Amino acid sequence: MPTTLVGLTIFVAFLTPGFLYTSQRRTLAPHSERSALMETTSTVSVSLLSNTLVLAFFGLMRWVAPKHTLDVGALLVDSKAYGVSHLPYVITWGVAGLAASCALAVAGARSGRLRSLLARQLLPVIVESSAWTEVLATDSSRYPIAGLELVDGSHVSGRVAWFSTHLEETGDREL
């Protein structure tokens, strides 16, 4: 565990993209209850992937334009002296890297093509789905209409704007 405020900040920043990915996926797709180990592994894996891609891009930028990027070697050798003398630069690059990594994770959560490409390459094809998802979320260009008949014989209907993504079919499940 981190023992300093800087270490804690880096630790939280490292895991933020995975948390955002998981949060976005929970609002967009059906999900079942997973163990704490599976949740942690998913969060760390997505964070590691998005942070690695952003660091690779930073490495490319460092190779192309070394005068306009952070000197990571100097930062690692004497972090206090370099960090204090270049504080706005360090903060700007840190925030920009974190923002890019988070944006990449959120885009990955929202992009069906990117997820399916990665899933085909890395994961077995096992899909958990509910009947609600199959009926209501099959085509995003259409708006499904739900209707019900009340006890007094009247009829109410309307477009489905939102439905629960939980897989458990319980009596208090909301549409």
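Here, the structure is the one placed above.
Residues numbered from 1 in each chain as written. Predicted model: local features only at pLDDT ≥ 70, side-chain atom pairs only at ≥ 80, totals over all residues. Heavy atoms only, no water.

K.L.:
Hey, could you go over the packing of helix 1 (residues 5–28) against helix 2 (residues 36–64) for me, with residue numbers and the actual values?
P.N.:
It is the contact of helix 1 with helix 2, at a shortest axis distance of 7 Å, that shows an interaxial angle of 115°. Considering the relative orientation of helix 1 and helix 2, their crossing is right-handed. Contacts between helix 1 and helix 2 involve Phe 14, Leu 15, Thr 16, Pro 17, Gly 18, Phe 19, Tyr 21, Thr 22 and Arg 26 on the former and, on the latter, Glu 39, Ser 42, Thr 43, Val 44, Val 46, Ser 47, Leu 48, Ser 50 and Asn 51. Its residues assigned to classes, the contact of helix 1 with helix 2 shows eight nonpolar, eight polar and two charged. (Axes fitted to C-alpha atoms, helices over the stretch in contact; angles between N-to-C directions. Helix = DSSP H or I, 4+ residues; strand = E, 2+ residues; numbered from the N terminus. Left-handed = near helix turned anticlockwise from the far one by under 90°. Contact = heavy atoms within 4.5 Å. Nonpolar A, V, L, I, M, F, W, Y, C, P; charged D, E, K, R; others polar.)

K.L.:
Tell me about the pairing of strand 2 (residues 155–159), and name the residues and values.
P.N.:
In terms of residue burial, strand 2 counts as a barely covered element, since only zero of its five residues are buried. Here strand 1 (residues 145–149) pairs with strand 2 via five bridges, running antiparallel. Bridge pairing in strand 2 links Ala 146 to Gly 158. The turn joining strand 1 and strand 2, which pair antiparallel and follow one another in sequence, is formed by five residues; a positive phi near 95° is taken by Gly 153. (Buried < 20%, exposed > 50% of the residue type's maximum accessible area, 1.4 Å probe, protein only. Pairing = 2+ DSSP bridges.)

K.L.:
Could you give an account of the environment of Ser 79, with specific residues and numbers?
P.N.:
Assignment of secondary structure puts Ser 79 in helix 4 (residues 79–85). Residues contacting Ser 79, with those up to four places away along its chain left out, are Ala 74 and Val 84.

K.L.:
Describe the packing of helix 2 against helix 5 (residues 87–110), with residues and values.
P.N.:
It is at 9 Å that the axes of helix 2 and helix 5 come closest, and there the two elements cross at 130°. As far as their axial angle goes, helix 5 and helix 2 are oblique. In this structure, helix 2 crosses over helix 5, and the sense of that crossing is right-handed. The residues of helix 5 that touch helix 2, namely those facing Val 46, Ser 50, Asn 51, Leu 53, Val 54 and Phe 58, are Trp 93, Gly 97, Ala 100, Ser 101, Leu 104 and Ala 105. Looking at side-chain class alone, the contact of helix 2 with helix 5 contains eight nonpolar, four polar and no charged residues. (Parallel < 35°, antiparallel > 145°, perpendicular 65-115°, else oblique.)

K.L.:
Can you lay out the environment of Asn 51 for me, pointing to particular residues and giving the numbers?
P.N.:
Along the chain, Asn 51 falls in helix 2. Residues Asn 51 and Pro 17 lie 34 residues apart in sequence; the distance between their C-alpha atoms is 8.0 Å. Apart from residues no more than four positions distant in its own chain, Asn 51 is found in contact with Phe 14, Pro 17 and Ser 101.

K.L.:
Outline the layout of surface pockets, listing residues and values.
P.N.:
The space that makes up the second largest pocket amounts to roughly 1300 Å³. If you trace the second largest pocket, you find 30 residues lining it, with Ile 10, Val 90, Trp 93, Gly 94 and Val 95 closest to the centre. Counting residues per element, the lining of the second largest pocket draws most heavily on helix 5, at eleven residues. For the lining of the second largest pocket, the residue count by class is 22 nonpolar, seven polar and one charged. (1 Å grid on protein atoms, 1.4 Å probe; cavity = no way out; pocket = protein on both sides within 12 Å on 5 of 7 lines; lining within 4 Å. Points joined across faces, edges and corners; volume = space filled by probe spheres on them.)

K.L.:
Account for a nonpolar patch on the surface, naming residues and giving values.
P.N.:
Taken together, the side chains of Leu 5, Leu 8, Phe 11 and Val 12 make up a nonpolar region of the molecular surface, amounting to roughly 380 Å² of accessible area. Looking at where Val 12 falls in the secondary structure, it is placed in helix 1. Classification of Val 12 as partly exposed rests on a relative accessible area of 46%. (Patch = residues over 30% accessible without salt bridge, like charges linked within 9 Å, V, L, I, M, F, W, Y side chains within 5 Å. Areas by Shrake-Rupley, 256 points an atom, 1.4 Å probe, with all protein chains shown as cover. Salt bridge = Lys/Arg side-chain N within 4 Å of Asp/Glu carboxyl O.)

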